[in-house]
Amino acid sequence: MIRQHLCPIALLAIFGLPDTHLTTSTLTISAKKTNSTSAQPSANKDSADDFATRVLNWFDQHGRHDLPWQVSNDPYKVWVSEIMLQQTQVKTVLNYFDRFMARFPTVESLAQVNWEEVAPFWAGLGYYARARNLHQAAQQVVAHGGFPTTLDGWMALSGIGRSTAGALMSLGLQQYGVIMDGNVKRVLTRHQAIEGDSQSSKVVAQLWQLAEQLTPHARNASYTQAMMDLGATLCTTKKPLCLYCPVQADCQAYAQSRVLDFPQKKAKKVVPQKHAQVLIAQHADTGQWLWQQRPSEGLWGGLYCLPIVAQAELDQLHTQFDLQRGQTLPIVKHSFSHFTWFLTPQIFVVSAPHATQLQQQIAGSQWLDEHAAIAKGLPKAMLKLLAQYHASSS
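Residues numbered from 1 in each chain as written. Predicted model: local features only at pLDDT ≥ 70, side-chain atom pairs only at ≥ 80, totals over all residues. Heavy atoms only, no water.

Draft legend 1. Layout of the confidence of the model for the chain. Chain-level statistics for the chain give a pLDDT mean of 89 and a share of 89% at 70 or above. Long-range and interchain partners of residues 1-39, a stretch whose pLDDT sits below 50, account for 91 contacts in this model, where long-range means more than four residues apart. (pLDDT = per-residue confidence, 0-100. Contact = heavy atoms within 4.5 Å.)

The structure is reproduced here in structure tokens:
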């Protein structure tokens with residue numbers, strides 16, 4: 001999961017140090033290559049205890065202690081936050097968490113509703129499969145009569161892997177748990193200068209072994225949060241603040257001036273591009289637009305969206321329902337993990353006699369004004385489109 005990155009100036013204020021300390025010569029983080037190779041990562045008990053002590057001492061002074069899901073004896077809040085934080089920054093999740101919890105304050109309240117009621121409260125967070133799995137897992141928890149109490153029990157629920165299960169054991173149940181989110185992976189690969197693709201099974205196995213050696217039983221929950229905070233605020237992806245890191249003294253990547261070389265990844269594949277048309281059908285009498293609820297499975301599952309069609313289908317609808325062509329809006333670019341979508345929105349005015357027929361033609365559609373559509377839950381691409389529409393109309 002991606003945690004919030006604090007800017008360097010904010011961190012300087014937190015640590016009470018002047019910005020004159022933050023110099024290129026002080027922060028030895030160049031990405032130059034060396035011929036060195038890392039040994040198999042390992043830690044004996046003394047070095048593991050020392051590592052954990054330094055991390056915990058730093059956390060006590062500089063860690064984050066006031067996030068809304070940092071509560072004792074409430075695995076549900078921790079669970080919701082952990083799922084929201086997958087691939088999403090803390091600052092983004094903060095805008096959604098309280099609203100979600102106000103609507104679904106307990107696992108039972110989440111389990112008893114259908115997906116269509118959940119979707120609007122996740123709209124804009126992206127990666128909607130997370131929310132569908134959360135909803136399904138809530139139903140599993142209720143069916144089983146309560147939250148799991150073991151690592152395997154958590155991992156048996158929909159959408160929960162080894163790291164999330166470890167976080168729930170540690171933060172949710174205050175028991176022993178080990179995590180390996182993106183922040184922890186970055187800290188450990190740099191500290192041990194672990195070579196190789198960090199997504200490969202070999203490196204992942206090394207990292208889990210190392211994490212298990214380093215994670216203490218005492219103050220386990222604090223250590224779990226501390227490692228996430230360390231990666232999110234100091235050992236960041238592009239501008240790590242090595243000067244303030246509690247484990248800098250024995251960080252191998254820092255010693256080799258190779259901090260930015262880790263974690264290592266395979267070369268990225270070229271992301272394919274797709275193009276489609278967005279039908280903005282505007283009712284001639286009411287001014288409402290025709291919105292379509294997407295299928296619960298697949299992209300933007302359960303959210304409302306303007307109909308997205310190929311050019312040939314748009315031409316057919318244009319002719320079949322005598323649509324009056326209006327304005328073409330600027331292309332909306334929206335990136336997914338596996339492709340980039342270029343959407344061309346086109347406005348058509350639909351006469352009252354054809355409005356009902358068009359609605360019947362487009363499954364799951366209804367005429368809505370903008371506020372009603374937003375209330376039902378729109379993906380970010382549709383919010384971008386609405387912003388462009390208002391900008392072009394002003």
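Draft legend 2. Summary view of the nonpolar core. Trp79, Phe100, Leu188, Trp291 and Trp300 are the most contacted members of the largest nonpolar core, which has 98 residues in total. Broken down by element, this core gets its largest block of residues, 7 residues, from helix α2 (residues 45-62). Apart from the residues within four sequence positions on either side, phenylalanine 100 is in contact with Tyr76, Val80, Met84, Leu110, Val118, Phe121, Trp122 and Leu134. Leu290, Val309, Leu323 and Ile362 belong to the second largest nonpolar core, which has 14 residues in total. (Core = buried A, V, L, I, M, F, W, Y, C linked by side-chain atoms within 4.5 Å. Buried < 20%, exposed > 50% of the residue type's maximum accessible area, 1.4 Å probe, protein only. Helix = DSSP H or I, 4+ residues; strand = E, 2+ residues; numbered from the N terminus.)

Draft legend 3. Quick peek at the side chain of threonine 340. Relative to the assigned elements, threonine 340 resides in strand β7 (residues 340-350). On the accessibility criterion, threonine 340 (10% relative accessible area) is buried. Ignoring sequence-local partners within four residues, the contact set of threonine 340 consists of Val271, Pro272, Gln273, Lys274, Lys333, His334 and Ser335.

Draft legend 4. Spatial organisation of the pairing of β7. The element β7 is largely enclosed, with a buried count of 10 among its 11 residues. Sheet analysis places strand β1 (residues 273-283) next to β7, joined by 11 bridges and oriented parallel. Bridging from a neighbouring strand, valine 278 pairs with proline 345 of β7. With 3 bridges connecting them, strand β5 (residues 324-328) and β7 associate as antiparallel partners. Opposite threonine 328, over in β7, you have glutamine 346 as the bridge partner. Pairing between strand β6 (residues 332-335) and β7: 4 bridges, direction antiparallel. (Pairing = 2+ DSSP bridges.)

Draft legend 5. Main features of the side chain of threonine 233. Inspection of the secondary structure puts threonine 233 in helix α12 (residues 220-233). A relative accessible area of 6% places threonine 233 in the buried class.

Draft legend 6. Highlighting the packing of aromatic side chains. Here the structure, examined in full by the defined rule, presents 14 aromatic pairs. Pairing phenylalanine 100 with phenylalanine 104 gives two aromatic rings, centres 5.1 Å apart and planes at 55 degrees, and the pair type is tilted. Residue classification places phenylalanine 100 among the buried residues on the basis of a relative accessible area of 1%. What makes phenylalanine 104 buried here is its relative accessible area of 0%. Their ring planes at 35 degrees and their centres at 5.6 Å tell us that tryptophan 300 and tryptophan 341 sit as a pair that is tilted. In this pair, tryptophan 300 sits in the loop between β2 (289-293) and β3 (304-305) while tryptophan 341 sits in strand β7, placing the two residues 41 residues apart along the sequence. Among the residues examined, tryptophan 300 registers a relative accessible area of 3% and is labelled buried. Linked through ring pairs, Phe100, Phe104, Phe121 and Trp122 together constitute an aromatic cluster. The lysine or arginine in question, arginine 162, covers the ring of tryptophan 208, its NZ or CZ lying 3.8 Å from the ring centre. Directly above the aromatic system of phenylalanine 339 lies the positively charged group of lysine 274, at a separation of 4.3 Å from the ring centroid. (Phe/Tyr/Trp six-rings, centres within 6.5 Å; stacked < 30°, edge-to-face > 60°. Lys NZ or Arg CZ within 6 Å of the ring centre and 35° of its normal.)

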